[in-house]
Amino acid sequence: MFTKLLKHEWRATRGMLGTLCLVCLGASLLGGLTMRYLMLASTQNAEHNVIVVLNVLAMVAAMIVVAVAGVAGLFLYIGRFYKSRFTDEGYLTFTLPVSTHQNLLSSMVNSAIGMVIVFFVICAALCIWLMIGFTGIPGFYKTVWEKLPELWEGFLRVCDQMPWKYVGLFLLNVLTGSVCELVVLMLSVTIGSIIAKKHKILAAVGVYYGINMLISMTCSATLAMQAFSGSEGAQMVFRVFTSSAVMTAGVAVAGYFLMYWLVDRKLNLN
């Protein structure tokens, strides 16, 4: 049943997700073309001022679209969570023959999958943008191809000198921080929907800022303790990264079980 619920969540969001991805890729295409024109204009000393200004405006607009794509995707999934659990649709959702854990996890997993897709689409959009834009530099790709062996050797040297322990800790922090942010958002929506009768979204925003303020104060105090603990250099960086990962993972776990308890015990569907 959990698989069916997950499929239902995916079907409910795939249309908007696909539109968002296409808009992001279209913006990258526009940005790449405008970047290419501007580079060609600069090398050829073109003086078409109006066209240059229009291209700059179009490139800025494309930057804004690509930059907000991740935030828009997050709003899409949090909005879906609110609509499917705390509006009239919630009456149907919570009457399905699934446990509360399955109900919450289906939304979390679907949101995580969607945000990963948005992340890779943004990365692809930036690659398309740069690949098109750099064609405005005469002989750019020919030069890169000729220097490819040298660039590869430099990349291998960087990999040999890379402190992989800290890279792994950084990636772990990104993972735990992302999960923590998703849980905090869903928890804020849950609390806001339970305590407020009318303005549930405004209540959720207030709860979100309150939770983040509490987390920020705790993190700041922990980092201050690490700074005054006598550790220096790499040891302090290691301890800070480790403490951050543990705290964000702890907040994510605690936030999830608090959300589960609220939905299971405090949510009134009548």
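Please read these numbers as outputs of a predicted model, since none were measured by experiment.

The rules behind each value
Residues numbered from 1 in each chain as written. Predicted model: local features only at pLDDT ≥ 70, side-chain atom pairs only at ≥ 80, totals over all residues. Heavy atoms only, no water. Helix = DSSP H or I, 4+ residues; strand = E, 2+ residues; numbered from the N terminus. Rg over C-alpha atoms; globule rule 2.2 N^0.38 Å. Contact = heavy atoms within 4.5 Å. Areas by Shrake-Rupley, 256 points an atom, 1.4 Å probe, with all protein chains shown as cover. Phe/Tyr/Trp six-rings, centres within 6.5 Å; stacked < 30°, edge-to-face > 60°. Buried < 20%, exposed > 50% of the residue type's maximum accessible area, 1.4 Å probe, protein only. Salt bridge = Lys/Arg side-chain N within 4 Å of Asp/Glu carboxyl O. Patch = residues over 30% accessible without salt bridge, like charges linked within 9 Å, V, L, I, M, F, W, Y side chains within 5 Å. 1 Å grid on protein atoms, 1.4 Å probe; cavity = no way out; pocket = protein on both sides within 12 Å on 5 of 7 lines; lining within 4 Å. Points joined across faces, edges and corners; volume = space filled by probe spheres on them. Nonpolar A, V, L, I, M, F, W, Y, C, P; charged D, E, K, R; others polar. Disulfide = S-S within 2.5 Å. Axes fitted to C-alpha atoms, helices over the stretch in contact; angles between N-to-C directions. Parallel < 35°, antiparallel > 145°, perpendicular 65-115°, else oblique. Polar contact = N/O pair within 3.5 Å; in protein donor to acceptor, adjacent residues only side chain to side chain. Core = buried A, V, L, I, M, F, W, Y, C linked by side-chain atoms within 4.5 Å. Lys, Arg positive; Asp, Glu negative; His and termini not counted. Charge placed at Lys NZ, Arg CZ, Asp CG, Glu CD.

## A short note on the overall build of the protein chain
Move 1: Looking only at helices and strands, the protein chain features nine helices and zero strands.
Move 2: Relative to the globule expectation of 18 Å for 270 residues, the C-alpha radius of gyration of the protein chain, 24 Å, shows a markedly less compact shape.
Move 3: In terms of overall dimensions, the protein chain has a C-alpha envelope of 70 × 50 × 35 Å along the principal axes.
Move 4: Within the protein chain, residue pairs in contact and separated by at least 24 positions form 78% of the contacts whose partners lie at least 6 positions apart.
Move 5: Here the protein chain displays about 16,500 Å² of accessible surface, and carbon together with sulfur accounts for 72% of that area.

## Focus: the packing of aromatic side chains
Each aromatic ring pair is described using two quantities: the centre-to-centre distance and the angle formed by the ring planes.
Move 1: Under the defined criterion, the tally for this structure stands at four aromatic pairs.
Move 2: Pairing Y208 with Y209 gives two aromatic rings, centres 5.8 Å apart and planes at 70°, and the pair type is edge-to-face.
Move 3: Y209 sits in the exposed class, given a relative accessible area of 56%.

## Quick notes on the pattern of salt bridges
Move 1: Counting across every chain of the model gives one salt bridge.
Move 2: In this structure, the salt-bridge partner of R80 is E9, at a minimum N-O distance of 3.4 Å. Remark: E9 occurs in helix α1 (residues 2-43) and R80 occurs in helix α2 (residues 49-86); sequence separation between them is 71 residues. Taken individually, R80 and E9 each receive the classification buried, so the pair is uniform in this respect.

## Side note on a nonpolar patch on the surface
Move 1: Nonpolar side chains collect at one region of the surface, where W10, L105, V109 and I113 lie side by side and expose about 290 Å² of accessible area between them.
Move 2: Considering each element in turn, the nonpolar patch owes the most residues, three residues, to helix α4 (residues 100-133).
Move 3: Mapped onto the secondary structure, V109 falls in helix α4.

## Some details on the layout of surface pockets
Move 1: In this structure, the largest pocket occupies an estimated 600 Å³ of space.
Move 2: Lining the largest pocket we find 17 residues, and of these A112, M115, V116, F119 and S178 sit closest to its centre.
Move 3: Broken down by class, the residue content of the lining of the largest pocket amounts to 13 nonpolar, three polar and one charged.
Move 4: Roughly 380 Å³ of volume is contained in the second largest pocket.

## Notes on the state of the cysteines
Two cysteines, two sulfur atoms, one covalent bond between them: this is a disulfide.
Move 1: Evaluation of the coordinates by the stated rule reveals zero disulfides.
Move 2: Its sulfur unpaired, C127 is 6.9 Å from the next cysteine sulfur, which belongs to C123.
Move 3: Overall, C127 belongs to the partly exposed group, its relative accessible area being 46%.

## Some thoughts on the packing of α2 against α4
Move 1: In contact at an axis separation of 10 Å, α2 and α4 are set at 170° when each is read in the N-to-C sense. Between α2 and α4, the angle is such that the two are roughly antiparallel. Residue-level contacts link M59, A62, M63, V66, A69, G70, G73, L74, Y77, F81 and R85 of α2 to N103, L104, S106, S107, N110, S111, G114, M115, V118, I122, L126 and W129 of α4.
Move 2: Of the residues assigned to the contact of α2 with α4, the class counts are 14 nonpolar, eight polar and one charged.

## Overview of the side chain of K200
Move 1: Within the secondary structure, K200 sits in helix α8 (residues 200-227).
Move 2: Within the structure, K200 has its side chain in polar contact with the backbone oxygen of F86 (distance 3.5 Å).
Move 3: For K200, the contacting residues outside a window of four places in its chain are Y82, F86, G192 and S193.

## Some details on the nonpolar core
Move 1: Within the largest apolar cluster, 25 residues are counted, with the highest numbers of intra-cluster contacts made by F81, M186 and M259.
Move 2: Listing elements by their share of this core, those giving two or more residues are α2, α4, α7 (164-195), α8 and α9 (233-266).
Move 3: Here this core gets nine residues from one element, more than from any other, and that element is α7.
Move 4: In this structure, C24, M35, M39 and V121 belong to the second largest nonpolar core, which totals 19 residues.

## Observations concerning a positive patch on the surface
Move 1: A cluster of like positive charges, contributed by K4, K7, R11 and R14, occupies part of the molecular surface.
Move 2: Positionally, R14 belongs in helix α1.
Move 3: For R14, a relative accessible area of 45% gives the class partly exposed.

## Thoughts on the environment of A72
Move 1: Mapped onto the elements, A72 comes out in helix α2.
Move 2: Between the C-alpha atoms of A72 and F241, which are 169 residues apart in sequence, the distance is 29 Å.

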